[in-house]
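Spelled out from the first residue to the last, the chains are:
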Amino acid sequence: MEEPLVGRMREFGTTVFATMTKLAVDTGSINLGQGFPDTDGPARMLERAVEAIKGGLNQYPPGPGVPELRQAVSDHRKDWYGLSYDPGTEVLVTVGATEAIAAAVLAVCEAGDEVIVFEPFYDSYGAAVALAGAVRRPVTLRVDAGRFTFDPAELAAAVGPRTRAVLVNSPHNPTGTVFTRAELEEIAAVCREHDLIAITDEVYEHLTFDDVEHVPLATLPGMRERTIMISSAGKSFSVTGWKTGWICAPPSLTRAVQTVKQFLTFTSSAPWQLAVAFALREEMEWVAAQRAALQAKRDRLMAGLRTAGFEVLRPAGTYFVQTDIRPLGFDDGLEFAMRLPELAGVVAIPTQVFYDRRERGRHFVRFAFCKKDEVIDEAVTRLQRLG
């Protein structure tokens, strides 16, 4: 019998994260691949979720999200970025940012439309575009002066008559780059000139380092009315398993995304929503402390990776460090990552899997530093074997 999977999805299969996490379990390796913390979020937030469960809030909440969270998200956008969103018509709660991205792409793209993505890109982007029957148009991020950035001319050239949207991720996974205001102005100019919708993945918005500023694309002139702004609680509050995200967008775009979302998951867990509403109001100091701790962990892992022989690129945000493996005598990141458990008892992610043009990322491997210090130290000790 022919494989019962539609053609547009056959390139995806099992995610690299599931593959590498299974490899870590099977080999007893330290998992610096998948980006999830090994510590919990703020205790008071966790207690709010428990209270909600014990209080009987275990049935369907409203499809668009509980009012408390929609209001908290609206207030958060206003307090942090000066953006005003009506919680009733311009905020939609989703099952994490992954659903928000998929629902947004499905909502705005017809079959054959094109979506610009910056490669390397998080793997769900490609799948979301494929599900919509749309076409990816990659713009490559290249290393310049120690950070990943894009060529504005290449971005402009990626636009065609069927281009419908541009998917922007900053702070960027997997490179750790944070787009500057000047870079975002280039993206905004293209969106305005060609009447494109911007779908912005900002889940690492509060996890930037070295005083680097996160600038939402929607704050730039002419962009609020054409931007679907996406974030979530998972990264900011170290509860990736809660899968509680949201979009903020003009009413017409919010309605379009909700029309799709209601037939994907309909709604998401009320206890998590109420706990996240509390956290957005009361736990931002915890997030600030978490950011400082992550910066120290980043520096700890970077120093160890350099000692082990990697060329290390300094991330300005997220959970991840990109490394160039060529100084170690390797030139294929996928082969290197599959052998790394045997060579050093550590698992990482080969960055090339996040490119359409894989040869452009062939020599990069991504490590996660959102782990306990003792886990990072043990991983570094093991990686010394590579030398």
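That block above? That's the structure.
Residues numbered from 1 in each chain as written. Predicted model: local features only at pLDDT ≥ 70, side-chain atom pairs only at ≥ 80, totals over all residues. Heavy atoms only, no water.

Participant: Looking at this structure, I do not really get the pairing of strand E10 (residues 245-248). What am I missing?
Facilitator: Within a regular strand, side chains alternate between the sheet's two faces. Along E10, one buried face is formed by Gly245 and Ile247 and the opposite face, lined by Trp246 and Cys248, is buried too. Two strands pair when backbone bridges link them, and strand E2 (residues 91-94) and E10 are joined in this way by 4 bridges, in the antiparallel orientation. Among the inter-strand pairings, Thr94 is bridged to a residue of E10, identified as Gly245. The sheet contact formed by strand E9 (residues 227-232) and E10 spans 4 bridges and is antiparallel. For Ile230, the partnering residue across the bridge sits in E10 and is Ile247. (Buried < 20%, exposed > 50% of the residue type's maximum accessible area, 1.4 Å probe, protein only. Helix = DSSP H or I, 4+ residues; strand = E, 2+ residues; numbered from the N terminus. Pairing = 2+ DSSP bridges.)

Participant: Teacher, can you tell me more about the sheet that holds E2 here?
Facilitator: Within a sheet, neighbouring strands are paired by backbone hydrogen bonds and run either parallel or antiparallel to one another. Reading across the sheet, the 7 strands line up as E2-E10-E9-E8-E7-E3-E4 and stay open at both edges, with mixed pairing between neighbours. The sheet is open, and its two borders are formed by E2 and strand E4 (135-140), each paired with just one other strand. Strand-to-strand, the axes of this sheet are offset by a mean angle of 20°, without reference to chain direction. The strands touched by helix H5 (residues 123-131) within the sheet are strand E3 (114-119), E4, strand E7 (163-169) and strand E8 (197-201), with E4 carrying the most contacts at an inclination of about 150°. (Axes fitted to C-alpha atoms, helices over the stretch in contact; angles between N-to-C directions. Contact = heavy atoms within 4.5 Å.)

Participant: What is the right way to read the packing of aromatic side chains from this model?
Facilitator: The description of an aromatic ring pair uses the distance of the two centres, along with the angle that the planes make with each other. In the structure shown here, the tally under the stated rule is 16 aromatic pairs. Residues Tyr60 and Phe266 carry aromatic rings whose centres are separated by 5.8 Å and whose planes lie at 90° to one another, so their mutual orientation is edge-to-face. Taken together, the residues Tyr60 in the loop between helix H2 (43-54) and helix H3 (67-81) and Phe266 in the loop between helix H8 (251-261) and helix H9 (270-282) connect sequence positions 206 residues apart. Take Tyr60: its relative accessible area is 73%, and that puts it in the exposed class. Note on Phe266: relative accessible area 37%, which makes it partly exposed. Both rings, one in Tyr122 and one in Tyr125, keep their centres 6.2 Å apart while their planes meet at 70°; by these two values the pair is edge-to-face. Put simply, the rings of Phe17, Tyr122, Tyr125 and Phe354 pair up and form one aromatic cluster. (Phe/Tyr/Trp six-rings, centres within 6.5 Å; stacked < 30°, edge-to-face > 60°.)

Participant: How should the sheet that holds strand E14 (residues 349-350) be read in this particular structure?
Facilitator: If you walk across this open sheet you meet the 4 strands as E11-E12-E15-E14, and the pairing is antiparallel. Each edge of the open sheet carries a strand with a single partner, namely strand E11 (311-313) and E14. When E11 meets strand E12 (residues 320-324), the two strands line up antiparallel, connected through 3 bridges. Directly across from Val312, in E12, lies its bridge partner Thr323. Those strands touched by helix H11 (residues 333-344) are E14 and strand E15 (364-368), and its axis lies near 40° from that of E15.

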